[in-house]
Amino acid sequence: MTQSNSSSENELDALIGRAKQGRRASEPKKAPAPKATGLRPSDILFMPENQAKLANYLSRTHRARLVDIQQALNLPQQAILDILSEFKAKGYLKAALANGEIQYHIKFVENITAPQKSLPQSLWNALRPDDAVFLKSVLLFKECNEDDLDFIRSNSVFEHYERNDILLWQGEPARALFIIKSGVVAVTNVLNDGSSNLLTYLEQGDFFGEGGLLTGRSSSATITAFTPVDVLMIPKDQFYNLLKRSSSVAVELSRVLANRLSATNARLANERGYSNLLLVISAEKDSGATTFGLTMALKLGASSEDGTGYVEFPHQHLPALFGFPPEMEFYEHPGGFKVINQATNVELPQSAQAALVIDQAARNYSHIVACIPWEAAEQLDFLIASASQIILIAPRRRESLTQFSNMLSILRTKSQANKTRIYTILNQTSPDQTESLPDTEVDISLPYMENLPAPSQGRLSSLPEPLVKAAASILDMLGYTNQVGIYIPTTIGVDQQANTTPYVDQTLAFMGRLFGGATHEKVRGVWNSDEVGIVAEDIHLVRSFCSPSTLDEQMSTVVDYMERLKQEMKQEAMALEINSKLMLI
């Protein structure tokens, strides 16, 4: 009886084993994680003597110059250069550029993991997303299917760089497509004296290296880690294979390159004196867009000596609205700005006419206020892409809110967060709009205002105070399209709860001095711990707005400040937010 039971159990175990094997065979194989490069400590044991000496020396020093290595090892310079070159080819070596000097350090294989409590888990998820989740968020891969994403993961190489490490030298042949998983890199031209000329910054989700891969040319700029940076690299051959297998990546890459070319042209145009475009969009008929646009033009006309132009699309009703002859192309408004009534001599689509008018106006005025209905905005994408500020205005009605929210989402998709600021206004256009509305986040709520002056007679002194103050609050932020945020934990060390208000006050003062102002809000983070279950944590966010040029000038100061703050608060890492993108310091 016992023998029979044992036999049955063996057969059952064999059956379960075959079932498990069959199930595993039928399950789709998960793509491996990107490979990490670097030196393993055990590799040093099998190196030639001089290589081992150099590896050991660099492993004990944070960074070393060539002259430091030569003095420490007492080897000929050429011998050291040969070893450094071999280490670099094997992925063992990183070079950093600091204070005009090249410094070297060993890159060990490492797995970067998030500490359990130095930041809320919600922030860690944003800062270090799973590779599959991250790739889906990259614009270049947004249309990829799962097979293509698995191909990318299995053919990617993971790299980590410390601050000031060089990812790519100018003049270096293209070898891979680099995709920034976390952190910020600086794109610069290195000058003869070792200093550098900043061109731009790239952040999480951005990529570089594609130009050299497609043209065969070497890099035209040096890419430096501005903060600690994680990247995924797709080697050249695998990049070509990806373009062959995925038409969506090829199409999206073409679109990105076209947008970059357009942005370069726009930047060159701005250097020639092009102007700020302020776009007022009416969500519905009679939203009050003309009244608000006129108020902005009056405000600019009174404060700017460089000229302000006002235009509407379609423009045919402007003569009747302002009371001037239809054949007049420009009407000098007594409030200090010009109404543009320019028409083309040929029959063109509305989008082409608008482009010609705006292009001509941009050469003559420092500021252009353009009012358009939503129907026209959907066709005039170039206006949305070119605007410094967009004001979406709608009547204060419950039935308008859903459409208003949808319009706002579309505008955010079509505009660039670091170039254009979007403002929302709900305008009480009649005295009977008194119903309570569900919580709706808008920047400005305008009360009902009666007896408004005719557009041709409008002056700042004759307009209601709420209208003038609303326009002034928006214009005060003109050019402040970039935002910087510092997250301050409510702990000292990893998990020691403490009153960190002094650090918040210190950071508010620092950001205020640097950018002219700062705000503070408390953010609630919730995450799941295997040990204690759901954990809720508070964290402080100090945020400032600034112009792109100011951000470029002050980024280094912000990162240096966060490094000091991190040491004082004994944090393993702190989070920095640039234009709604999170990164680790």
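In what follows, the structure referred to is the one given above.
None of the values given here were measured: they were computed from a predicted structure.

A word on the pattern of salt bridges
Throughout the structure, instances matching the rule amount to 18 salt bridges. Between Arg175 and Glu172 there is a salt bridge, with the nearest N and O atoms lying 2.5 Å from each other. By relative accessible area, Arg175 is classed as partly exposed at 34%. Between Glu563 and Lys566 there is a salt bridge, with the nearest N and O atoms lying 3.6 Å from each other. Residue Glu563 and its partner Lys566 are located together in helix α19 (residues 548-568), separated by three residues, close to a single helical turn. With a relative accessible area of 23%, Glu563 lands in the partly exposed category. A residue is classified by how much of its surface remains accessible, and Lys566, at 14% relative accessible area, is buried.

Some points on unusual backbone geometry
Here the residue pair Phe313 and Pro314 is connected by a cis peptide bond, since its omega of -5 degrees sits within 30 degrees of zero. Its location among the elements puts Pro314 in the loop between β13 (308-312) and α12 (318-322). Notably, Asn164 is not glycine yet its phi reads approximately 80 degrees, a positive angle. In this structure, Asn164 sits in the loop between β4 (157-161) and β5 (166-168).

Description of the packing of aromatic side chains
Using the criterion set out here, one finds nine aromatic pairs in the structure. Ring geometry for Phe324 against Tyr331: centres 5.0 Å apart, planes inclined by 15 degrees, an arrangement best described as stacked. The same class applies to Phe324 and to Tyr331, which are both buried. An aromatic cluster of at least three residues, connected via ring pairs, comprises Tyr310, Phe322, Phe324, Tyr331 and Phe337.

Parameters at a glance
Residues numbered from 1 in each chain as written. Predicted model: local features only at pLDDT ≥ 70, side-chain atom pairs only at ≥ 80, totals over all residues. Heavy atoms only, no water. Salt bridge = Lys/Arg side-chain N within 4 Å of Asp/Glu carboxyl O. Buried < 20%, exposed > 50% of the residue type's maximum accessible area, 1.4 Å probe, protein only. Helix = DSSP H or I, 4+ residues; strand = E, 2+ residues; numbered from the N terminus. Phe/Tyr/Trp six-rings, centres within 6.5 Å; stacked < 30°, edge-to-face > 60°.

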